[in-house]
Amino acid sequence: QVQLVESGGGLVQAGDSLRLSCEASGRTFSLYHIGWFRRAPGKEREFVSAISGGGGTRDYADFVQARFTISRDNAKNIVYLQMNSLKPEDTAVYYCAGRQGGLTISRSSYYYANWGQGTQVTVSS
């Protein structure tokens, strides 16, 4: 199965930006739909964003409010999540997840079969 590795997290102040990366192994990366999810301590995992294999379909959670942009570079096997205007409420471990095949992207974590280890994002006030 595809191996996913997140990077780009860190400690920033409110209003700052981060760009998260989800790098995958394998030759069929363009066939994988990729979702970003996050989980804060004591809270349920929640959907953040998703992008289809070819990059033509994108989706964002309501709380994003135009602050985040998802994109991908299939030549490099990387999906990016550009996060601007970060808020303390964005503090969480961010995970990328992959699904091979399927007709569309999904907001459900159950849809995705492959998960990375996560990268910590901490936003101070």
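That block above? That's the structure.
What comes next is a walk through the structure. (Residues numbered from 1 in each chain as written. Predicted model: local features only at pLDDT ≥ 70, side-chain atom pairs only at ≥ 80, totals over all residues. Heavy atoms only, no water.)

It is worth spelling out the pattern of salt bridges at this point. Counted according to the given criterion, the structure contains four salt bridges. Notably, a salt bridge pairs Asp59 with Arg107, separated by 2.7 Å at the nearest N-O pair. With Asp59 in strand β6 (residues 58–60) and Arg107 in the loop between β9 (92–100) and β10 (114–115), the pair connects residues that are 48 residues apart, well separated along the chain. Arg67 is the partner of Asp90 in a salt bridge, and the nearest nitrogen-oxygen pair spans 2.7 Å. Of the two residues, Asp90 is situated in the loop between β8 (78–83) and β9 and Arg67 in the loop between β6 and β7 (68–73); the sequence distance between them amounts to 23 residues. The same class applies to Asp90 and to Arg67, which are both buried. Several salt bridges share partner residues, and in doing so they unite Arg38, Glu46, Arg67 and Asp90 into one network. (Salt bridge = Lys/Arg side-chain N within 4 Å of Asp/Glu carboxyl O. Helix = DSSP H or I, 4+ residues; strand = E, 2+ residues; numbered from the N terminus. Buried < 20%, exposed > 50% of the residue type's maximum accessible area, 1.4 Å probe, protein only.)

Per the stated rule, a full pass over the model turns up one disulfide. Put simply, Cys22 and Cys96 are joined by a disulfide, and their sulfur atoms are 2.1 Å apart. Taking the sign of the S-S torsion, 70° for the link of Cys22 and Cys96, the bridge is right-handed. Of this pair, Cys22 sits in strand β3 (residues 18–24) while Cys96 sits in strand β9; the two residues are 74 residues apart in sequence, bridging distant segments of the chain. (Disulfide = S-S within 2.5 Å.)

Okay, the nonpolar core next. The biggest cluster of nonpolar side chains holds 34 residues, and the ones touching the most others in it are Ile34, Trp36, Val79, Leu81, Met83 and Tyr94. Residue assignment for this core shows that the elements contributing at least two residues are β3, β4 (32–39), β5 (46–51), β7, β8, β9 and β11 (119–124). Beyond its immediate sequence surroundings of up to four residues, Ile34 is in contact with Cys22, Phe29, Ser49, Ala50, Ile51, Ile70, Arg72, Val79, Cys96, Ala97, Gly98 and Tyr112. (Core = buried A, V, L, I, M, F, W, Y, C linked by side-chain atoms within 4.5 Å. Contact = heavy atoms within 4.5 Å.)

Quick look at the environment of Ala50 now. In this fold, Ala50 is placed in strand β5. Residue classification places Ala50 among the buried residues on the basis of a relative accessible area of 0%. On a C-alpha basis, the gap between Ala50 and His33 in space is 7.4 Å, while along the polypeptide they are 17 residues apart.

Below, the discussion takes up the packing of aromatic side chains. This structure, assessed with the given rule, holds five aromatic pairs. Ring geometry for Phe37 versus Phe47: centroids 5.7 Å apart, planes at 75°, classification edge-to-face. Here the residue Phe37 occupies a position in strand β4, and Phe47 occupies one in strand β5, the gap between them amounting to 10 residues. Phe47 matches Phe37 in its accessibility class, with the two residues each being buried. For the pair Tyr111 and Tyr112, a centre-to-centre distance of 5.2 Å together with 85° between the ring planes defines the contact as edge-to-face. Each member of the pair, Tyr111 as well as Tyr112, is classed as buried. (Phe/Tyr/Trp six-rings, centres within 6.5 Å; stacked < 30°, edge-to-face > 60°.)

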